[in-house]
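Next come the chains, spelled out residue by residue.
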Amino acid sequence: MTAYLIRGARIVGGEPTDLLVRDGVVAEVGPDLAATGAQVVDAGGLVALPGLVDLHTHLREPGREDAETVETGSRAAALGGYTAVCAMANTDPVADTAGVVEQVYRLGRAAGLVDVQPIGAVTVGLAGGQLAELGAMASSAAAVRIFSDDGHCVADPRLMRRALEYVKAFDGVIAQHAEEPRLTQGAQMHEGEMATRLGLTGWPAVAEEAIVARDVLLAEHVGSRLHVCHVSTAGSVEILRWARQRGIRVTAEVTPHHLLLTDEKAVGYDPVFKVNPPLRTAADVAALRTALAEGVIDVVATDHAPHAVEDKECEWAYARPGMLGLETALSVVLGSQALGTDWNAIAERMSRQPARIAGLVEHGRDPAPGAPANLTLVDPAARRVIDPGESASRSRNTPYAGLTLPGRVVATFLRGEPTVLDGKAVR
Amino acid sequence: MIGHLLSAGDLDARSATLILDTAAELGNLAGREVKKLPTLRGRTVVNLFYEDSTRTRISFEAAAKRLSADVINFSAKGSSVSKGESLKDTALTLQAMGADAVVVRHPASGAPHRLAHWVEGSVVNAGDGTHEHPTQALLDAYTMRSRLGRLAGLQVAVVGDVLHSRVARSNVLLLTTLGAKVTLVGPPTLIPVDVAAAPAPGIAVSYDLDAVLPASDAVMMLRVQRERMGDSYFPSAREYARRYGLDGARMRRLPEHAIVMHPGPMNRGMEIAPEVADSPRSTIVEQVANGVSVRMAVLYLLLGGKA
């Protein structure tokens with residue numbers, strides 16, 4: 001195994017220092033380390049962060065390998081500075097059995113670019129009818145800890161209560177896609193002035209908030225952990241703030257796109273801006289940024305959702321919702337100014353806390369002697385123009401095409417092996 | 001003049017007035033024995049209709065033919081579209097055939113905007129989903145202007161399913177551009193919540209038709225889809241007719257000069273009583289005739305300059 005000497009990196013924004021990476025761990029940290037036999041990586045001016053961890057990735061395999069595979073999605077993740085991603089269950093077949101989650105887990109291992117941690121479905125076929133075999137997925141080789149019907153809400157309150165209770169036996173967590181389906185039938189974008197003007201059926205904020213409110217109360221009642229996926233409204237933030245003050249065990253994520261973009265983007269009907277939950281108003285964006293800074297929302301998760309060209313190059317109403325996110329997440333978070341350049345906060349929201357929620361003990365640990373060498377090197381001074389054609393994803397549906405964003409991932413290490421060097425995927 | 005007509009909001013007061021004035025000139029043609037002008041000879045207009053709409057399609061067809069354009073009718077039924085061809089591929093096909101203008105009717109809001117990305121010719125929105133129907137607004141404005149002599153300062157009541165109505169959206173944009181005041185009337189379930197909460201300048205919202213009528217110069221009754229009842233927008237057709245239908249008694253609350261409009265097709269007995277539809281105040285048949293003139297003006301102004 002090659003050793004790497006990373007010279008002059010600022011660990012989580014601290015003073016420049018050297019890091020020696022050997023045998024999968026950070027062997028030494030300190031000034032002017034000797035290079036003996038190690039390959040030198042010049043990290044002058046770069047910030048070293050614990051490898052980023054994404055709680056919300058759609059890798060599309062099995063089923064839609066034309067849009068993404070575990071391997072191409074893993075490569076996109078590595079290029080975005082990630083060392084672990086949690087793969088959502090809405091594949092075809094659905095990841096609702098031990099067999100499917102183990103398949104995804106093994107495909108991730110075989111690709112070897114990030115750790116792919118499968119998320120299991122809460123209900124059979126994501127249909128919202130009966131619980132999937134959560135325990136079997138938990139005790140499988142994939143050791144599933146997060147369960148989600150993402151893309152669908154676990155709308156039945158009784159079923160949600162049971163799911164929250166049931167997973168306590170193996171320290172699981174339910175990640176809820178909060179969307180009251182009766183309030184969003186046919187919904188195309190945020191309900192408000194823009195939707196009225198564009199004649200697109202509205203997705204009201206209350207459809208999210210009603211479920212968030214219900215679920216925090218259910219979590220309190222049964223004493224369970226709840227994770228809220230892609231929080232998108234100011235009202236949800238208020239409910240989460242209240243729930244945390246009450247001591248309810250709730251965590252929550254926000255996507256990069258909800259920190260930067262608004263519903264105004266729908267004006268030309270380009271479905272690259274169609275996403276679920278939809279882009280909201282500037283007031284919602286401001287509330288989400290504040291919530292992330294305060295920790296009311298404690299995780300940034302990408303909701304990376306690759307879609308084939310034909311599923312986006314069509315009428316808005318017929319397009320699939322979702323956007324790419326892995327390769328741009330860190331830059332968008334920096335660009336949103338939600339956390340400024342508080343590297344400790346960025347490490348907390350994008351690595352440590354998601355690793356804790358997912359139970360990934362090898363991840364989310366700051367580079368220090370003895371820690372697993374899962375880390376990423378970021379050039380905070382760089383600016384880059386987003387070119388969809390350059391994406392390592394199999395899909396091209398980035399909403400940031402042509403935007404200039406700050407920050408660039410220069411290198412990523414997974415267990416001491418580089419997956420990205422000089423801003424390029426190693427393989 | 002602009003390259004496409006996708007939204008009534010694309011038109012400023014000057015270009016909208018130019019269309020109405022041009023329509024007035026072209027309208028004189030309808031009285032002549034030979035109703036044809038050579039203006040668009042050699043130009044191709046495609047009617048691309050993804051929804052059944054006989055009246056709008058034949059109105060555009062008549063308009064294009066009176067300007068001597070070649071007209072191709074492309075209906076989504078029984079075509080490549082029913083075999084799953086995408087809008088983009090259809091657009092590229094029409095482009096390859098040299099369509100100078102594409103008149104599109106589509107069930108998805110914004111489809112004409114997408115189409116405009118893929119064809120070089122002018123795109124005319126002939127109704128897209130629950131978004132807009134700009135030539136309907138133009139013909140309505142034309143009708144009001146010719147009956148009432150002006151648009152600026154008029155009080156227009158738009159009554160019914162505003163939430164789902166492309167006619168209402170286009171009329172609100174065009175009428176306010178031309179200085180009229182619009183009152184949207186309907187059950188609260190059929191008025192967008194953001195509009196009711198904070199109406200834009202020139203717009204008012206009312207849930208009480210009887211209160212609005214005495215001050216209205218024109219009242220525009222929107223078609224109500226019966227299937228809205230199943231979605232609980234209102235309890236029954238009878239209750240709707242009682243509260244928001246225009247019957248003879250209500251019509252008599254209007255000022256003497258006021259007109260009654262409907263974009264058609266009507267649900268007689270639902271939003272409008274036969275007595276009202278057939279009364280001298282009704283402009284419904286006139287609207288149809290004016291539709292041809294207005295669409296001639298739109299095609300003429302979009303294509304005429306490029307010959």
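Residues numbered from 1 in each chain as written. Chains lettered and ligands numbered in written order. Predicted model: local features only at pLDDT ≥ 70, side-chain atom pairs only at ≥ 80, totals over all residues. Heavy atoms only, no water.

## What to know about the overall build of chain A
Heads up, the rule is: Every helix listed is a DSSP run of H or I at least four residues long, and every strand listed is a run of E at least two residues long, numbered separately from the N terminus. It is over C-alpha atoms that the radius of gyration is taken, and the globule rule equals 2.2 Å times the number of residues to the power 0.38. Only protein chains enter the area calculation, which uses a 1.4 Å probe; residues under 20% of their type maximum are buried, those over 50% are exposed, and those in between are partly exposed. By the convention used here, residues are in contact when the closest approach between their heavy atoms is within 4.5 Å. In this count, Lys and Arg are taken as positive residues and Asp and Glu as negative ones, while His and the chain termini are left out. Lysine's charge is taken at NZ, arginine's at CZ, aspartate's at CG and glutamate's at CD.
Summing up its helical and strand segments, chain A has 11 helices and 19 strands in all. Computed over C-alpha atoms, the radius of gyration of chain A comes to 20 Å, within 12% of the 22 Å expected from 2.2 N^0.38 for 427 residues, which places it in the range of a compact globule. If one aligns the C-alpha atoms of chain A with their principal axes, the spans along those axes are about 65 × 50 × 45 Å. Scored against the burial criterion, the 427 residues of chain A give a buried share of 63%. Counted over contacts in chain A with a minimum sequence separation of 6, partners at least 24 positions apart contribute 73%. Separation between the mean location of the 39 positive side-chain charges and that of the 53 negative ones in chain A comes to 3 Å.

## Observations regarding the interface of chain B and chain A
The criterion, for reference: Buried surface area refers to the total accessible area, computed with a probe of radius 1.4 Å, that the two partners give up upon joining, counted for both partners together. Each reported salt bridge corresponds to a side-chain nitrogen of Lys or Arg within 4 Å of a carboxyl oxygen of Asp or Glu. What qualifies as a polar contact is a pair of N or O atoms within 3.5 Å, subject to a donor-acceptor requirement within protein and to the restriction that residues adjacent in sequence count only when both atoms come from side chains. Basically, the charged four are Asp, Glu, Lys and Arg, the nonpolar ten are Ala, Val, Leu, Ile, Met, Phe, Trp, Tyr, Cys and Pro, and anything else, Gly included, counts as polar.
Residue-level contacts link 18 residues of chain B with 18 residues of chain A. It is Ser109(B), Arg114(B) and Asp194(B) that lose the most area in chain B upon contact with chain A, and together they represent 36% of the buried surface on that side. Counting across the interface, chain B meets chain A through 1 salt bridge. For the salt bridge of Glu313(A) with Lys88(B), the shortest nitrogen-to-oxygen distance reads 2.8 Å. Where chain B packs against chain A, one counts 9 residue pairs in polar contact (both at pLDDT 80 or more). For the side of chain B that touches chain A, the elements supplying multiple residues, two or more each, are helix H3 (87-96), helix H4 (111-118) and helix H7 (193-197) of chain B. It is H4(B) that provides the largest number of residues to the side of chain B that touches chain A, a total of 4 residues. Residues of the side of chain B that touches chain A, tallied by class, amount to 8 nonpolar, 6 polar and 4 charged.

## Here's the deal with H4(B)
In terms of burial, H4(B) is largely enclosed, as 7 of its 8 residues are buried. Within the span of H4(B), buried status applies to Ala111(B), Pro112(B), His113(B), Arg114(B), Leu115(B), Ala116(B) and Trp118(B).

## Details of the domain arrangement of chain B
Residue and element names in this part refer to chain B. The line we're drawing: Domains are outlined according to an automatic or database domain assignment.
Each assigned domain of chain B is listed here: domain 1 (8-132 + 288-306) and domain 2 (134-283). Relative to domain 2, the C-alpha centre of domain 1 lies at a distance of 26 Å. Counting from both sides, the interface comprises 30 residues of domain 1 and, opposite them, 23 residues of domain 2. A buried area of about 2,100 Å², summed over both sides, lies between domain 1 and domain 2, and 64% of it is on carbon and sulfur atoms. Between the two partners, domain 1 and domain 2, sit 2 salt bridges. Here Glu 51 ties to Arg 166 by a salt bridge, and the two come within 3.1 Å at their closest N and O atoms. Contributions of two or more residues to the side of domain 1 that touches domain 2 are made by helix H1 (13-27), helix H2 (54-66), strand E3 (101-106), strand E4 (122-128) and helix H12 (284-303). Among the elements that take part in the side of domain 1 that touches domain 2, H1 stands out by supplying 8 residues, more than any other. Each residue belonging to the side of domain 1 that touches domain 2 can be placed in one class, and the counts come to 12 nonpolar, 10 polar and 8 charged.

## As for the domain arrangement of chain A
Residues and elements named next belong to chain A. In terms of domains, chain A is made up of domain 1 (4-47 + 370-425) and domain 2 (51-358). On the domain 2 side, the residues contacting the 36 residues of domain 1 number 47 residues. Interface area for domain 1 against domain 2, summed over the two sides, is near 3,000 Å², with a carbon-plus-sulfur share of 64%. The three residues of domain 1 that bury the most area against domain 2 are Arg 394, Asn 397 and Tyr 400, which together make up 22% of that side's buried surface. Counting the contacts that link domain 1 with domain 2 gives 1 salt bridge. The partner of Arg 415 in a salt bridge is Asp 115, with the nearest N and O atoms 2.7 Å apart. No other element matches the 7 residues that strand E17 (residues 404-414) contributes to the side of domain 1 that touches domain 2. By residue class, the composition of the side of domain 1 that touches domain 2 is 17 nonpolar, 12 polar and 7 charged.

## A closer look at the nonpolar core
Just so we agree on the cut-off: Remark: nonpolar core denotes a set of buried residues (Ala, Val, Leu, Ile, Met, Phe, Trp, Tyr, Cys) joined through side-chain atoms within 4.5 Å.
Core analysis: the biggest nonpolar cluster contains 98 residues, and Ile6(A), Phe147(A), Leu240(A), Ile297(A), Met350(A) and Leu377(A) have the highest contact counts within it. The greatest single-element share of this core, amounting to 6 residues, is contributed by helix H6 (residues 205-222) of chain A. Looking at which domains feed residues into this core, each of domain 1 (4-47 + 370-425) and domain 2 (51-358) of chain A supplies at least three. Core analysis: the second largest hydrophobic core is formed by 59 residues, Val45(B), Leu67(B), Ile203(B) and Met220(B) among them.

## Brief notes about the environment of Ala293(A)
All names here are of chain A. Locating Ala 293 in the fold gives a position in helix H9 (residues 282-294). Along the sequence, Ala 293 and Leu 33 sit 260 residues apart, while their C-alpha atoms lie 36 Å from each other. Look past the residues within four positions of Ala 293 in its chain and what remains in contact with it is Ala 338, Leu 339 and Arg 349.

## Observations concerning empty space enclosed by the protein
Residue and element names in this part refer to chain A. Using the following cut-off: Both site types are read off a 1 Å grid over the protein atoms alone. A 1.4 Å probe that fits but cannot get out defines a cavity, while an open set with protein on both sides within 12 Å along at least five of seven lines defines a pocket; lining residues have an atom within 4 Å of a point. Grid points are joined across faces, edges and corners, and a volume is the space filled by probe spheres set on the points.
A complete count under the given rule lists 1 cavity of 30 Å³ or more for this structure. Considering only enclosed or pocket space, the largest cavity measures out at about 60 Å³ in volume. Together, Gln 188, Met 189, Thr 262, Asp 263, Lys 265, Ala 266, Phe 273, Lys 274, Val 275, Pro 278, Leu 279 and Trp 316 line the largest cavity. Considering only residue class, the lining of the largest cavity consists of 7 nonpolar, 2 polar and 3 charged.

## Digging into the layout of surface pockets
Residue and element names in this part refer to chain A. Considering only enclosed or pocket space, the second largest pocket measures out at about 890 Å³ in volume. Along its surface, the second largest pocket is lined by 42 residues, and Asn 90, Gly 151, His 152, Asn 276 and Pro 321 are the ones closest to its centre. Tallied by class, the residues present in the lining of the second largest pocket amount to 18 nonpolar, 14 polar and 10 charged.

## Details of the side chain of Thr72(A)
Residues and elements named next belong to chain A. Looking at where Thr 72 falls in the secondary structure, it is placed in helix H1 (residues 70-79). In this structure Thr 72 comes out as buried when scored by relative accessible area, which is 9%. The residues contacting Thr 72, other than those within four sequence positions of it, are Ala 392, Ser 393 and Arg 394.

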